[in-house]
Amino acid sequence: MPLHSDKRCGFVTIMRGCNNFCSYCIVPYVRGRERSRPYDDILKDVQQALNMGLRDITLLGQNVNSYLWQDISFPRLLRKLNELEGLYRLRFVTSHPKDMSDELIGVMRDCDKVCEHIHLPMQSGSSAVLERMNRGYSYEHYRSRIKKAT
Ligand code: SF4
């Protein structure tokens with residue numbers, strides 16, 4: 001069931017939990033491991049939101065860009081939803097820098113309804129600190145993602 005905040009914006013959860021175990025974070029322990037929702041269920045929720053007149057949809061997940069259901073990856077999910085009649089804008093939050101692939105950035109470029117808007121937590125500008133935080137990426141990787149996207 002989509003949550004909706006006003007007459008135009010809807011929020012649809014596509015995955016829950018997290019596998020990343022950053023050293024300071026409780027989420028994997030309290031919300032469990034990553035579980036992606038079936039594509040058909042997400043489609044039903046988005047379609048329901050559109051039927052309610054919502055035009056701006058945000059996909060939600062702890063680590064939304066690691067979504068995977070059968071052969072449907074997150075970039076593929078965005079491409080499919082981009083085709084829906086009545087949808088004006090598609091956003092997502094929160095992304096993990098290690099999963100911000102070239103393919104995903106390409107989808108943001110190519111799909112007219114996918115907003116050019118990334119919420120990408122930086123956490124630290126030091127690779128040594130990022131390693132201690134068990135973030136799974138370096139400062140250089142983060143920079144490369146920003147460079148690729150801009
Ligand atoms: S990726 Fe986010 S939710 Fe997952 S362990 Fe790290 S800080 Fe917590």
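Here's what I pulled together on the structure shown here.

On to the nonpolar core. Membership of the largest hydrophobic core comes to 34 residues, with the highest contact counts inside it found for I57, L59, F74 and L77. Mapped onto this core, the elements with two or more residues apiece are helix 2 (39-51), strand 5 (56-60), helix 3 (74-82), strand 8 (89-93) and helix 4 (102-110). If you tally residues by element for this core, the top one is helix 2, at five residues.

Taken as a whole, the largest pocket encloses approximately 220 Å³ of empty space. Tallied by class, the residues present in the lining of the largest pocket amount to eight nonpolar, seven polar and one charged. Roughly 190 Å³ of volume is contained in the second largest pocket. Lining the second largest pocket we find D102, I105, G106, M108, R109, E116, I118, K148 and A149. Counting residues per element, the lining of the second largest pocket draws most heavily on helix 4, which supplies five residues.

On to the site of the ligand. Taken together, the neighbourhood of the ligand is formed by C18, N20, F21, C22, Y24, C25, V27, P28, Q62, H96 and R135. Because more than half of its atoms lie within 2 Å of the grid, the ligand is assigned to the largest pocket.

We now examine the pairing of strand 5. If a strand is regular, its side chains alternate between the two faces of the sheet. With four of five residues buried, strand 5 is to be regarded as a mostly interior element. Examined bridge by bridge, strand 2 (residues 9-13) and strand 5 share five bridges and lie parallel to one another. Bridged to C9 within strand 5 is D56. Across five bridges, the pairing between strand 5 and strand 8 is parallel. Counted as the bridge partner of I57 is L90 from strand 8.

Before going further, it helps to examine a nonpolar patch on the surface. Together, I26, Y29 and V30 make up an exposed nonpolar region whose accessible area comes to about 360 Å². Tracing the backbone shows V30 in helix 1 (residues 27-31).

Quick look at the pattern of salt bridges now. All told, the structure shown has eight salt bridges when counted by the stated rule. Here D110 ties to R79 by a salt bridge, and the two come within 3.8 Å at their closest N and O atoms. Linking D110 in helix 4 with R79 in helix 3, this pair joins segments that are 31 residues apart in sequence. Two residues, D99 and K98, come together in a salt bridge whose shortest N-O distance is 3.0 Å. Salt bridges sharing partners connect three or more residues here, namely D56, R89 and R91.

Here helix 2 is 13 residues long and its end C-alpha atoms lie 18 Å apart, about the 18 Å a rise of 1.5 Å per residue gives. When we look at burial in helix 2, the residues that qualify are Y39, I42, D45, V46, A49 and L50. When helix 2 is viewed along its axis, its buried side chains cluster within an angular range of 140° and face the same direction. Projecting away from the buried face of helix 2 at angles above 90 degrees are the exposed residues D40, K44 and N51. Next to the buried residues of helix 2 lie strand 2, strand 5, strand 6 (68-69), strand 7 (72-73) and helix 3.

Rules of the game
Residues numbered from 1 in each chain as written. Predicted model: local features only at pLDDT ≥ 70, side-chain atom pairs only at ≥ 80, totals over all residues. Heavy atoms only, no water. Core = buried A, V, L, I, M, F, W, Y, C linked by side-chain atoms within 4.5 Å. Buried < 20%, exposed > 50% of the residue type's maximum accessible area, 1.4 Å probe, protein only. Helix = DSSP H or I, 4+ residues; strand = E, 2+ residues; numbered from the N terminus. 1 Å grid on protein atoms, 1.4 Å probe; cavity = no way out; pocket = protein on both sides within 12 Å on 5 of 7 lines; lining within 4 Å. Points joined across faces, edges and corners; volume = space filled by probe spheres on them. Nonpolar A, V, L, I, M, F, W, Y, C, P; charged D, E, K, R; others polar. Near = heavy atom within 4 Å. Sits in = over half its atoms within 2 Å of the grid points. Pairing = 2+ DSSP bridges. Patch = residues over 30% accessible without salt bridge, like charges linked within 9 Å, V, L, I, M, F, W, Y side chains within 5 Å. Areas by Shrake-Rupley, 256 points an atom, 1.4 Å probe, with all protein chains shown as cover. Salt bridge = Lys/Arg side-chain N within 4 Å of Asp/Glu carboxyl O. Expected span 1.5 Å × (residues − 1). Arc of directions from axis to C-beta. Contact = heavy atoms within 4.5 Å.

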